[in-house]
Structures are given as structure tokens and as C-alpha cells.
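Geometric and topological summary
Listed here are the chains, written in short residue letters.
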Amino acid sequence: MADFPAKVSTETSPPPQGGGDRIQAMASRYVTMDMDFLRTIPAGLMLVEIVLGLLVWALIAASGYANVPAYGWVMFVSVIFWLLTLFLFFVLFFGVRNKLGFLPWPLMLLVFNATATILYLSAFLANAASVYNSHQGAAAFFAIVVTLAYGASTFFAFLSWRGDGSNAASSTVPA
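Computed from a predicted structure; not experimentally measured. (Residues numbered from 1 in each chain as written. Predicted model: local features only at pLDDT ≥ 70, side-chain atom pairs only at ≥ 80, totals over all residues. Heavy atoms only, no water.)

1. Structural notes on the overall build of the chain
To keep it simple, the criterion reads: Put simply, DSSP H or I for four residues or longer makes a helix, DSSP E for two residues or longer makes a strand, and each gets a number counted from the N terminus. Buried, partly exposed and exposed residues are distinguished by accessible area as a fraction of the type maximum, computed with a 1.4 Å probe on protein chains only: under 20%, between the cut-offs, and over 50%, respectively. Here, two residues are considered to be in contact whenever any of their heavy atoms come within 4.5 Å of each other.
Along its length, the chain carries nine helices and zero strands. If you list the helices and strands of the chain from N to C, you get α-α-α-α-α-α-α-α-α. Put simply, the chain has 175 residues, and 30% of those count as buried. A fraction of 76% describes how many contacts in the chain between residues 6 or more apart in sequence connect residues 24 or more apart.

Structure follows, in C-alpha cells:
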């Protein structure tokens, strides 16, 4: 028993060379960028929704929206869904979806995109019905484009939820 410490090493890994290596190793364990996600149609649609959604609320904010009550609704919908879509994009891009596999992601994406489509359509109608300057007109145009993008995202989310848009392993039933 006296020779035990000489034969056994308790060191599990080599000591870090520098602080950057340790941080990089820790980051790669928790955060992974899914570059394949960027090449998908849903990712492209999300980027369109983020950019044009930003234009919608920026144009409404620049036009003095407090004078017309309908523009409060347009601001609410556009800002909330811009923030949520931005957050969801980063969740999907950084692979958090894989770490939270217990959540029904296809169903959540379907509900999110369908809700965004319906509420953005109502915001577009409120915006278009009360246009009184060029900022609101441009915001109405971008709002309908964002609505169509969310509609297309809803379609792709439906395909994924149904099983047609996912990989073969998740859409097969064992016999």
C-alpha cells in the first residue's frame, strides 16, 4: 500500500498552456455553431424576418407613431416578434436546440411561426388602414413582406412537424 501514490496519477488531462486554450475548450463544449443551419431555407427566411422586421418598427418609430393608436399595435407586434425571432435564430444557430432535445421543437416552431403570421397580418392591416405619410407606407410594404416570410416559415415548420422536412431517421416508424 505504501507504493500506491507512486503508481497512480490523479491528473486527468495535461495542464492548460494558456488561459485562451481553456476558454476555447470550455466554449466548444457548450456552444457549437451549426453552419449547416445557415444553408437552410428556414434560416434564410428568419434572416429576412429579422432584417425586414427591423425596418418595420424603425420606420414606424421614426414617424411619430404615438399620434395614431393603431401604430402602437404595429410597434408591439413588430418589436416583440423581431426580438423573439432574433433569439430563436441564435438558439438554432448555436445548437441550443440539440441540448434541449426534450422540447418538441418542430411543434414549437410551427406554433411560433403561425402566431407570428397571424399577428403580423393584423399589424399590416392596422398599418395599411391608417397610413398618412411615406414612413408608414414603407412600413406597411415591409410588414406584408415579413408576413409572407412568416407564412413561408410556417409552411416549412409544418413540413418539419409532419415529418417531411426532417431527416429520415425521425420520420420512419420501426416495424
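There is more to say, and it comes next.
2. Structural notes on the nonpolar core
Side chains of nonpolar character tend, in soluble globular proteins, to be buried together. Quick note on the threshold: The definition of a nonpolar core used throughout is a set of buried Ala, Val, Leu, Ile, Met, Phe, Trp, Tyr and Cys residues joined through side-chain atoms within 4.5 Å.
Core analysis: the biggest nonpolar cluster contains 35 residues, and Phe37, Val74, Phe81, Leu88, Phe89, Tyr120 and Tyr150 have the highest contact counts within it. When residues of this core are assigned to their parent elements, the largest contribution, eleven residues, is made by helix α5 (residues 69-93). With near-sequence residues (within four places) excluded, phenylalanine 37 lies in contact with Ala43, Met46, Phe89, Leu92 and Phe93.

3. Focus on the UniProt feature "transmembrane region" (unreviewed entry) in the chain
Put simply, the rule reads: UniProt positions are given in the numbering used here, feature names are shortened, and annotations may be inferred rather than shown by experiment.
The positions UniProt marks with the feature "transmembrane region" (unreviewed entry) are residues 43-65, 71-95, 107-126 and 138-161. In residues 71-95, helix accounts for 92% and strand for 0%; the two terminal C-alpha atoms are 36 Å from one another. Spanning residues 138-161, this segment combines 100% helix with 0% strand, and its end C-alpha atoms are found 34 Å apart.

4. Considering the environment of valine 146
Mapped onto the fold, valine 146 is located in helix α8 (residues 134-162). Setting aside residues up to four positions removed in sequence, valine 146 forms contacts with Leu52, Gly53, Val56 and Tyr120.

5. Topic: α5
Applicable threshold: An expected span of 1.5 Å times one less than the residue number is assigned to each helix.
Given a rise of 1.5 Å per residue, 25 residues ought to cover 36 Å, and the 36 Å separating the end C-alpha atoms of α5 matches this to within 8%. Where α5 ends, the next residue or the one after it, glycine 95, has phi of about 75 degrees, a positive value.

6. Here's the deal with the side chain of serine 78
Keep this limit in mind: Under this definition, polar contacts are N or O atom pairs within 3.5 Å; protein pairs additionally need one hydrogen-donor-capable and one acceptor-capable atom, and for neighbouring residues in sequence, both atoms have to be side-chain atoms.
Relative to the helices and strands, serine 78 is located in helix α5. In terms of polar contacts, serine 78 uses its side chain to reach the backbone carbonyl oxygen of valine 74, at 2.8 Å.

7. Regarding the packing of aromatic side chains
Note the threshold: Stacked, edge-to-face and tilted are the three classes for Phe, Tyr and Trp ring pairs, Trp counted by its six-membered ring, which pair at centre distances within 6.5 Å; planes under 30 degrees apart are stacked, over 60 edge-to-face, the rest tilted.
Counted by the stated rule, this structure contains 15 aromatic pairs. Seen in terms of ring centroids, phenylalanine 90 and phenylalanine 94 are 5.9 Å apart; in terms of plane orientation they differ by 15 degrees. Their pairing is stacked. Residue phenylalanine 94 is classed as partly exposed on the basis of its relative accessible area of 27%. Members of the aromatic cluster, connected to one another through ring pairs, are Phe37, Phe89, Phe90, Phe93 and Phe94.

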